[in-house]
Amino acid sequence: MTKKKIVFIIRDLGYGGAQRQLVTLVKDFDKEKFDVIVLHFYSGGHLEKDLEERNIPVISLEKQGRWDLLGFYWRLIRQLKQIKPDLLHTYMEESNIIVILLKPFFPEIPIIWGMRMSQAPANSVDWLGNMLSKLESFLSHTVDLIIVNSHAGKEDCLSYGFPAEKTVVVSNGIDTERFKPDRKLGVKVRVEWGISENQILIGLVGRIYPQKDHPNFLQAAALLCKEYQDLRFVCVGSGPDKNYIQELYHLAEELGISKRVIWAGARGDMHAVHNALDIAISASAFGEGFGNTIGEAMACGVPCVVTDVGDSAWIVKDTGVVVPPHNSEALAAGCRKLIDLSIPEKLVLQEKATKKILKYFSVKQLVETTQLYCLKTLSR
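One structure accompanies this document, and this report is about it. Keep in mind that what you see is a predicted model, and the values were worked out from it rather than measured.

A tally of helices and strands in the chain yields 15 helices and 13 strands. The C-alpha atoms of the chain give a radius of gyration of 21 Å, which matches the 21 Å a tight globule of 380 residues would have. With the principal axes as the frame, the chain shows a C-alpha extent of 65 × 40 × 35 Å. Across the 380 residues that make up the chain, the buried fraction comes to 55%. A fraction of 71% describes how many contacts in the chain between residues 6 or more apart in sequence connect residues 24 or more apart. Within the structure as shown, the chain displays about 17400 Å² of accessible surface, and the carbon and sulfur contribution to it stands at 53%. Charged side chains in the chain number 46 positive and 45 negative. The centres of these two groups are separated by 3 Å.

In structure tokens:
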């Protein structure tokens, strides 16, 4: 069998969930069947190094901003003409649309779209984001296959008019060689943050963005602080809007919990971070597809409290607690339920969480299923 050349295209290679999932996927692609190349719009992403260490070609198109279009398009066309790919596999909205607009230049190359979110309310994105969503829906009938990473995301795609016969679900895969129970690693991070052994550390991991609903998390933390003296909270991640981040700092101060909240920023040692937590939170208000951080925390044996957004409830089920979004009292009650468990009960829950990820959400399943869809698309 002649090896097939697949080009993956994504906006950037920063620490986002979609970016980390792409890196996880392509690192384990079968090198005897596929040659994989990753193109990204903007250079400087922290995950470039991960791919380069695996000898996976990474090419930056050096986009200079939102309105750098003509030069960017020319560089993209030139790269694709040089590479001569057998298949294009895009990740996320911008990449999906840009590649379809190149169809006149490469009419014979099949295209797979990668969809990574469930439906976001119209007022959660700017005018350009709303326009891109409508354009994406209109163009969805021109692609060969659409891979969605969540069942909730597929339902939303179909409600927008995406073709049902071309839309499939492939859940994310968690790297269980990296994300696994390792309390010693976690202790190092706890020491760095000044967390003692007898304190309970509750964390929200995710970019600082309205979708993740950090205010909900902080309000729940304030409720819990009235009942428990041994709790600490950490927010791990960064965000593009500095004003929004400052608003969250001020909210923590207004709630009287600023001394009990750590703002850790973005980190590359997420396996250690998860192992430092006693409880992991996903407080998302909208837009969540498959929450990587939920799966990673569970793989590390950390029980989760999640809002019922996207596939979060389906992933967690009886290994943690599911609560409605936009409800800080329910979020606090979910945490309280886990805090008050006996040690044997906590151990049972931790083991169930780890086993579930190993059984249902392995990288092997992700890679094998994606490769199968790639081969089917190429054979049409």
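Pairing is parallel across the open sheet formed by seven strands, whose spatial order is E3-E2-E1-E4-E5-E6-E7. The open sheet is flanked by strand E3 (58-60) and strand E7 (167-169), the only strands paired with a single partner. Averaged over all neighbouring strand pairs, the angle between strand axes comes to 25°, with direction disregarded. For strand E1 (residues 4-10) and strand E4 (residues 87-91), the ladder comprises four bridges, and the chain directions are parallel. Across the sheet, residue Ile9 finds its bridge partner in E4, namely Thr90. Contacts from helix H6 (residues 151-159) reach strand E5 (111-115), strand E6 (145-148) and E7 within the one sheet, and its direction differs from that of E7 by about 165°.

Between helix H8 (residues 214-225) and helix H9 (residues 242-254), the shortest axis-to-axis distance is 10 Å and the interhelical angle comes to 10°. As summarised for this structure, H8 and H9 are arranged roughly parallel, according to the angle between their axes. Along the contact surface, H8 presents His214, Pro215, Leu218 and Gln219, while H9 presents Tyr244, Leu248, Leu251 and Ala252. For the contact of H8 with H9, a count of residues per class yields six nonpolar, two polar and no charged.

In this structure the tally under the stated criterion is ten aromatic pairs. For the pair Phe217 and Phe233, a centre-to-centre distance of 6.1 Å together with 80° between the ring planes defines the contact as edge-to-face. Pair noted here: Phe217 is in helix H8 and Phe233 is in strand E9 (residues 231-236), with a separation of 16 residues, a long-range link. For Phe233, a relative accessible area of 1% puts it in the buried group. Through successive ring pairs, a cluster of aromatic residues spans Phe290, Trp314, Tyr360 and Phe361.

In this section: the sheet that holds strand E10 (residues 261-265). Across the sheet, which stays open at both edges, the six strands sit in the order E10-E9-E8-E11-E12-E13 with parallel pairing between neighbours. Each having just a single partner strand, E10 and strand E13 (321-323) make up the two edges of the open sheet. Going from strand to strand, the sheet's axes swing by 20° on average, the running direction of each strand aside. Of the pairings in the sheet, the one linking strand E12 (residues 304-307) to E13 comprises three bridges and is parallel in character. Residue pairing for E13: Val306 is matched across the bridge by Val322. In the packing of helix H11 (residues 292-299) onto the sheet, contacts are made with strand E8 (200-205), strand E11 (279-282) and E12, and the angle to E12 comes to roughly 165°. Across the face of the sheet, helix H13 (residues 328-339) comes into contact with E8, E9, E11, E12 and E13 while running at roughly 170° to E13.

Another point: the side chain of Asp68. Along the polypeptide, Asp68 turns up in the loop between E3 and helix H3 (70-83). Asp68 gets classed as buried once you look at its relative accessible area, which sits at 18%. Polar contacts involving the side chain of Asp68 include one to the main-chain amide nitrogen of Gln64, which spans 2.9 Å. Apart from the residues within four sequence positions on either side, Asp68 is in contact with Glu62, Lys63 and Arg75.

This part is about the pairing of E10. Bridge count for E9 against E10 is four bridges, and the pairing is parallel. From the neighbouring strand, Val236 faces E10, where its bridge partner is Gly265. Taken together, E9, H9 and E10 constitute a β-α-β crossover, and its handedness is right-handed.

Bringing H3 into the picture now. Taking 1.5 Å as the rise per residue, H3 with 14 residues should run 20 Å; its terminal C-alpha atoms sit 20 Å apart, in good agreement. When we look at burial in H3, the residues that qualify are Phe72, Tyr73, Leu76, Ile77, Gln79, Leu80 and Ile83. Buried positions in H3, seen along its axis, are confined to an arc of 165° and lie on one side of it. Among the exposed residues of H3, those oriented more than 90 degrees off its buried face are Leu70, Trp74 and Gln82. Next to the buried residues of H3 lie E1, strand E2 (34-40), E3, E4 and helix H4 (93-100). Phi for Lys84, located one or two positions after H3, is positive at around 55°.

Parameters and conventions
- Residues numbered from 1 in each chain as written.
- Predicted model: local features only at pLDDT ≥ 70, side-chain atom pairs only at ≥ 80, totals over all residues.
- Heavy atoms only, no water.
- Helix = DSSP H or I, 4+ residues; strand = E, 2+ residues; numbered from the N terminus.
- Rg over C-alpha atoms; globule rule 2.2 N^0.38 Å.
- Buried < 20%, exposed > 50% of the residue type's maximum accessible area, 1.4 Å probe, protein only.
- Contact = heavy atoms within 4.5 Å.
- Areas by Shrake-Rupley, 256 points an atom, 1.4 Å probe, with all protein chains shown as cover.
- Lys, Arg positive; Asp, Glu negative; His and termini not counted.
- Charge placed at Lys NZ, Arg CZ, Asp CG, Glu CD.
- Pairing = 2+ DSSP bridges.
- Axes fitted to C-alpha atoms, helices over the stretch in contact; angles between N-to-C directions.
- Parallel < 35°, antiparallel > 145°, perpendicular 65-115°, else oblique.
- Nonpolar A, V, L, I, M, F, W, Y, C, P; charged D, E, K, R; others polar.
- Phe/Tyr/Trp six-rings, centres within 6.5 Å; stacked < 30°, edge-to-face > 60°.
- Polar contact = N/O pair within 3.5 Å; in protein donor to acceptor, adjacent residues only side chain to side chain.
- Right-handed = clockwise from strand over helix to strand, strands pointing away.
- Expected span 1.5 Å × (residues − 1).
- Arc of directions from axis to C-beta.

Treat this as a map of the structure, not an account of what it does.
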